[in-house]
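Residues per chain, in single letters:
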Amino acid sequence: MIDRDRFPVDPWRLIETRYSEDGVGETLFGIGNGYLGLRGNHIEGRGAHEHGTFINGLHETWPIRHAEQAYGFAEVGQTIVNAPDAKVMRVYVDDEPISFDDADVREYRRTLDMRTGVLERVLLWETPSGKRVRMRDERIVSFEERHLAILRLEVVVENADAPVTISCQMLNRQDGAGVYAGTPVAAKGAGFDPRKAEKIVERVLQPAEHWQSGLRSALSYRVAASGMTVAVVADHVVETENDYDARTLIEPDIAKNVFRVQARAGVPISITKLVSYHTSRGVTPRELVDRCRRSLDRVAVEGVETQFQRQREWLAAFWERSDVQIEGHDDLQQAARWCMLQLAQAAARADGVGVPAKGVTGSGYSGHYFWDTEIYVLPFLTYTSPQWARNALRARVLMLPAARRRAVQLNEAGALFPWRTINGEEASAYYAAGTAQYHINADVSFAVGKYVRATGDEEFLRREGADIAIETARLWATLGFWRASPGSATGEEETFHIHGVTGPDEYTTVVNDNLYTNVMARYNLRYAAKIVREIEDVFPEDYARLVERTGLGPAEAAEWDHAAEAMFIPYSEALGIHPQDSLFLEREVWDLAHTPASQRPLLLHFHPLVIYRFQVLKQADVVLALFLQGNHFTPEEKRADFDYYDPLTTGDSTLSAVVQSILAAEVGYQDLALEYFLQSLFVDLHDLHHNAADGVHVASAGGVWTALVCGFGGMRDYAGELSFDPRLPADWPSLSYSLQWQGSAVQVTVTREELRVQVRSGDPVPFTVRDTAYIASEEHEVVVELADQGPLLPGRPTLRQFADARREDGTRMSASVPVITTSIPIVEPID
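Residues numbered from 1 in each chain as written. Predicted model: local features only at pLDDT ≥ 70, side-chain atom pairs only at ≥ 80, totals over all residues. Heavy atoms only, no water.

Draft legend 1. Layout of the overall build of the chain. When helices and strands are counted, the chain shows 17 helices and 33 strands. Radius of gyration (C-alpha) of the chain: 28 Å, near the 28 Å computed for a compact globule of 831 residues. Burial status across the chain gives 62% buried among its 831 residues. The contacts of the chain with a sequence gap of at least 6 include a subset with a gap of at least 24, amounting to 68%. As displayed, the chain offers around 31,800 Å² of accessible surface, 51% of which is attributable to carbon and sulfur atoms. (Helix = DSSP H or I, 4+ residues; strand = E, 2+ residues; numbered from the N terminus. Rg over C-alpha atoms; globule rule 2.2 N^0.38 Å. Buried < 20%, exposed > 50% of the residue type's maximum accessible area, 1.4 Å probe, protein only. Contact = heavy atoms within 4.5 Å. Areas by Shrake-Rupley, 256 points an atom, 1.4 Å probe, with all protein chains shown as cover.)

Here is the structure:
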């Protein structure tokens, strides 16, 4: 659990009271805006897990070398580049730097204020000669000015005169070595972890223009293989009544602006460092340097304080439309707000590129975009900041040309979105748990439909969104195939099947008729057919342009509807559940309850082939389908499926707990729902998966919002109809959240006795509460009495249900744990 002496509870601030150089702190105190991110490294620029400055989309490419090559394998890898580090502002007193290894630090406090967006550190350091040095540094990455970061440092020698030197630096850490390196060499014996970024040994950033003029320094580079360009320019403002001089140093990989001050006792020294970053896939480094200069010129005219004020105003508006209030639990409130701030820092100014799995807080997962964005992050964006959701969906629109090429490679029509990517090309080297996850097509189409229904943005749908729905539907139409139903000798009753795919659960790969995939593909096919007909009927000119763009044929919509209606949905009459795939129930059951913690997560301790032989889940699969397409399953089916799959789910993925929480709440396991929610809420703050040092789990943070609003708040929007059926935890007095619904700002508040819906601005909003219809408006707040908080079930599902379980063929199921062969002694041959 989190150390509350080090991280005290505060509903609006994350506070650290003891110095640390661990990677988790670097992640937790990272700041960003979706384009630019600064890890929470200290300004001294010394010890760190990863000295990181990340720009969304700035990447290098490298050839993927497969041990055995095959047609269609991904050929070019992509990994995020560590941009030049401008965070260093090193302080020397009496020509000695502060070294936290042995420094006498009397006071220390670091604070991330979620209302101002300012990361502040205050410390009091006493030198061996007895001089008391008070330092205060703060930084922001501007939400308003996408390319701007500001760092401010104030130093006061409180009780004596002393020479003080402040060395402000910019470093190329991507190619640096030793103390200049971005990421230290892995510890000896460190194991393989597929979640970490690839390391490129060759030089990545090729120097271009670099110069100094006055107090400005500039570095710029071209990325070796990808050809991208990046520039950073830093300006410095010095404010002090002490005498000082300035020295400079400029080399291709380092720029220094050094200020030597004759500090008098009690007289402050203030240095503000204004930094601008620009990147491009085609513009020269010199042009980017000019853009950086213009960004800094604008700040010089407007003033530094104006930027801090705009940051406060921006965040005030963000919290007005996004905050979720948990009454009576400041610890949960603090964590929930931290998660929502991470979503803003990951997506707000992405502006047409994707949302990386780690945002811009670390190099984990190589800076790639996954399906996480559409299923876990887009709901928050759609219901709180629709423009950000639109921007994220446009990133997928821009990937369509590459997705069409990828579909051709795999012998399919339409488009196939990459499983993991930065530049739009597939970068997953392991097809079984990568490219085979065709469900990403349906996930993207699902996000388009959810966005359009929630916002009413039909113009986006007609201009661009429909292209996604059409091309993804085309892939399902050719990937799937028709087969006569059992007992139908004439072939008149046929079902539509999808084989050779992997669902969200990566512990079961390349299967036939994965339930999640089939259910979501059915949605995709129906949605594409529906919108094509609507556009043709209501907007014939837009339809003509759509046909011209996509080559849409007149019979395609009917074919999609036919396939959707005949989609095969696996179901076991013997067990009364939906099998995860056609052969899932044939596997033996993994006994997770008796699997030692030392063997978790499974992916780091067992070969994939061992895992694939068992009924064991990395993350929710069927259960996720029950949530996303819940209107197609009965309450009884949801309960039966949840009971079956919950004991088989490891939660080795951070994407799992939020979904399990939502379904547990819906079917009645309300204590279990809260338990899963807390796991997701603190996945980074408590470092529950032991990899928070690599960056924030952005999708899990998005899932926290969904668990609050849809799990405990009971919100659903099936078929574009807003509904509520809350499940408030027993010790929560109330839960209140905001929604943007078709242009109206809505506030929903749940207590144990009632649900209130208020329209703060906009048109009246129709909705239902437990199947009863209401309409709320600005003039009329709706208050609905609640008889209860839904069904209540004790405990949690366990493997005991398998004691007498039998498959369709009558064979009995049994649970076991595979033997770990590494525990078997190896007899060395005698020479």
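Continuing now.
Draft legend 2. Fine view of the packing of aromatic side chains. For the structure shown, the criterion picks out 33 aromatic pairs. Aromatic pair phenylalanine 7 and phenylalanine 29: ring centres 6.4 Å apart, planes at 20°, arrangement stacked. Here phenylalanine 29 lies in the loop between α1 (23–28) and β2 (31–32) and phenylalanine 7 lies in the segment before β1 (13–16), a separation of 22 residues in the sequence. Comparing phenylalanine 7 with phenylalanine 29, the two get one shared label, buried. (Phe/Tyr/Trp six-rings, centres within 6.5 Å; stacked < 30°, edge-to-face > 60°.)

Draft legend 3. Geometry of the packing of helix α7 (residues 439–455) against helix α9 (residues 515–538). One way to put it is that α7 packs onto α9 with a least axis distance of 9 Å and a crossing angle of 50°. By the angle between their directions, the pair α7 and α9 is classed as oblique. Here α7 runs over α9; the crossing is left-handed. Only Tyr516, Thr517, Met520, Ala521, Tyr523, Asn524 and Tyr527 of α9 make contact with α7, whose side of the interface consists of His439, Asn441, Ala442, Asp443, Ser445, Phe446, Val448, Gly449, Lys450, Val452 and Arg453. When grouped by side-chain class, the residues that make up the contact of α7 with α9 number nine nonpolar, six polar and three charged. (Axes fitted to C-alpha atoms, helices over the stretch in contact; angles between N-to-C directions. Parallel < 35°, antiparallel > 145°, perpendicular 65-115°, else oblique. Left-handed = near helix turned anticlockwise from the far one by under 90°. Nonpolar A, V, L, I, M, F, W, Y, C, P; charged D, E, K, R; others polar.)

Draft legend 4. Geometry of helix α4 (residues 330–347). The end-to-end C-alpha separation of α4 is 26 Å, in line with the 26 Å expected for 18 residues at 1.5 Å each. Burial analysis of α4 places 16 of its 18 residues in the buried class, the great majority of the element. (Expected span 1.5 Å × (residues − 1).)

Draft legend 5. Representation of the pattern of salt bridges within the structure. Across all of its chains, the model carries 68 salt bridges by this definition. Between aspartate 351 and arginine 349 there is a salt bridge, with the nearest N and O atoms lying 2.9 Å from each other. For aspartate 351, a relative accessible area of 32% puts it in the partly exposed group. A salt bridge links arginine 727 to aspartate 725, with the nearest nitrogen and oxygen atoms 2.8 Å apart. For arginine 727, a relative accessible area of 7% corresponds to the buried category. We classify aspartate 725 as partly exposed; its relative accessible area is 31%. (Salt bridge = Lys/Arg side-chain N within 4 Å of Asp/Glu carboxyl O.)

Draft legend 6. Structural view of the nonpolar core. Within the largest apolar cluster, 225 residues are counted, with the highest numbers of intra-cluster contacts made by Val164, Trp371, Leu708, Phe724, Trp732 and Leu739. For this core, the leading source of residues is α9, giving 13 residues. What tryptophan 732 contacts, discounting residues up to four positions off in sequence, is Ile326, His329, Leu332, Leu674, Phe677, Leu708 and Phe712. Of all hydrophobic cores here, the second largest spans 16 residues; its members include Trp211, Val289, Cys292 and Leu296. (Core = buried A, V, L, I, M, F, W, Y, C linked by side-chain atoms within 4.5 Å.)

Draft legend 7. Examining unusual backbone geometry more closely. Between arginine 600 and proline 601 the backbone carries a cis peptide bond, its omega angle lying at -10°. In this structure, valine 510 is a non-glycine residue whose phi angle is positive, near 50°. Mapped onto the elements of the fold, valine 510 is located in the loop between β22 (494–497) and α9. On the basis of relative accessibility, which here comes to 39%, the residue valine 510 falls in the partly exposed class. The backbone of histidine 690 shows a phi angle near 60°, a positive value even though the residue is not glycine. Tracing the chain through its elements places histidine 690 in the loop between α16 (670–681) and α17 (698–712).

Scope: geometric values only; no functional claims are made or implied.
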